[in-house]
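# Architecture and fold: a report
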Amino acid sequence: MSKSPAPDTILPEALGAALRDAQAQVNRLVLGKPQQVRHAFVALLADGHLLIEDLPGLGKTTLAHAMAATLGLGFARVQFTSDLLPADILGVSVYEAQARRFEFHPGPVFNHVLLADEINRAPPRTQSALLEAMAEHQVSIDGRTHALPDPFLVIATQNPVDLAGTYPLPDSQLDRFLLRLALGYPDEATERALLAGSDRRELIAQAQPLLDAERILDLRRAVQAVHASDPLVAYVQALVGRSRRHPGVRVGLSPRAGLALLRAARAHALLLGRGHALPEDVQALFGAVAEHRLVGEADASTTTLAREILHAVAID
């Protein structure tokens, strides 16, 4: 019989242990990036989607594969290219002569986890094919609506937009991603361990699934139960309000961005073993939630703007 949870936690011991083990396994597969791994789990638990942006070869796809292997869910990877069509992602209706009717053949989006690799190499029409799927967890084809599996998670990678052959994601698409993160170059010790160690693909192939759909849904329900006090909600609202009048910002954060920040903060608190969210949770995630949603004047860096907004708002 399992022990009762600690007073400030809302997770049963077995579920909390499974979550910790899952994070530990991904950290063993993606070396030297504990913060980015935690943020990936925040996106998962907060019922959001994750955008990983960085230069080629820094481990974006490795993180996505490591998450998929650990979650134990149905997984599909789509390499986005300039000739990719929406039907290649969503599926297509094919006329079956014997049955004398059209039969829908689902595409790779009908998996629990979809890796959209180098999403900004596809043209806008193909990028937008994911909009309904990410927002509503369903797709509409030929006048019929098809529900997606639950849970459903999109992990997209993209190269910086100044590289050749990329199409910038529109603001409406970016807003569908709960978090955007970058991996960056590894430190010297981590890079040496990568060079001297086993191939990451082999290690991922040997990884054991430590979660499943039922446990993930339980974790998402637990996130909803994490307490957010009135002062914390006021702090989030103050950050959102400041973003709309901050110097250098042309388009600030929407109410949906505020809801996303609060939801992410609850998931972050749960990952740290707390049943209540703190301003520290909001601060840890503000950049990842806000940077890709802010629109700056001229060549203003949204990373810098997000940092300035965070510093400009005091905690009451």
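This text goes with the structure placed above it.
Residues numbered from 1 in each chain as written. Predicted model: local features only at pLDDT ≥ 70, side-chain atom pairs only at ≥ 80, totals over all residues. Heavy atoms only, no water.

## Re the side chain of Q25
When you line up the elements, Q25 lands in helix α1 (residues 13-29). A polar atom in the side chain of Q25 sits 3.0 Å from the side chain of T70. Apart from residues no more than four positions distant in its own chain, Q25 is found in contact with T70, A207, Q208 and L210. (Helix = DSSP H or I, 4+ residues; strand = E, 2+ residues; numbered from the N terminus. Polar contact = N/O pair within 3.5 Å; in protein donor to acceptor, adjacent residues only side chain to side chain. Contact = heavy atoms within 4.5 Å.)

## Some points on the pairing of strand β1 (residues 50-53)
Of the pairings in the sheet, the one linking β1 to strand β8 (residues 153-158) comprises 4 bridges and is parallel in character. Across the sheet, I52 pairs through a bridge with T157, a residue of β8. Sheet analysis places β1 next to strand β9 (residues 179-181), joined by 3 bridges and oriented parallel. Considered in β9, the bridge of I52 is made with L181. (Pairing = 2+ DSSP bridges.)

## Things to note about the packing of aromatic side chains
One pass over the full model with this rule turns up 2 aromatic pairs. Seen in terms of ring centroids, F104 and F110 are 5.7 Å apart; in terms of plane orientation they differ by 70°. Their pairing is edge-to-face. (Phe/Tyr/Trp six-rings, centres within 6.5 Å; stacked < 30°, edge-to-face > 60°.)

## Side note on the pattern of salt bridges
A side chain of one charge can pair with a side chain of the opposite charge if their charged atoms are brought near each other. If you walk through the whole model with that rule in mind, you get 12 salt bridges. Notably, a salt bridge pairs R180 with E53, separated by 3.8 Å at the nearest N-O pair. One end of the pair, R180, is in strand β9; the other, E53, is in strand β1, and 127 residues separate them in sequence. We classify R180 as buried; its relative accessible area is 18%. Where R221 meets D218, a salt bridge forms, and the shortest distance between an N and an O atom there is 2.4 Å. Residue R221 and its partner D218 are both found in helix α10 (residues 213-225); the two are separated by 3 residues, about one turn of the helix. The class of R221 is partly exposed, set by a relative accessible area of 48%. Each of E53, R180 and E291 takes part in a single network of salt bridges with overlapping partners. (Salt bridge = Lys/Arg side-chain N within 4 Å of Asp/Glu carboxyl O. Buried < 20%, exposed > 50% of the residue type's maximum accessible area, 1.4 Å probe, protein only.)

## Observations regarding the environment of Q158
Along the chain, Q158 turns up in strand β8. Through-space distance from the C-alpha of Q158 to that of L55 is 8.2 Å; in sequence the pair is 103 residues apart. Not counting chain neighbours up to four residues away, the residues in contact with Q158 comprise L51, I52, E53, D54, K60, E118, I119, N120 and L169.

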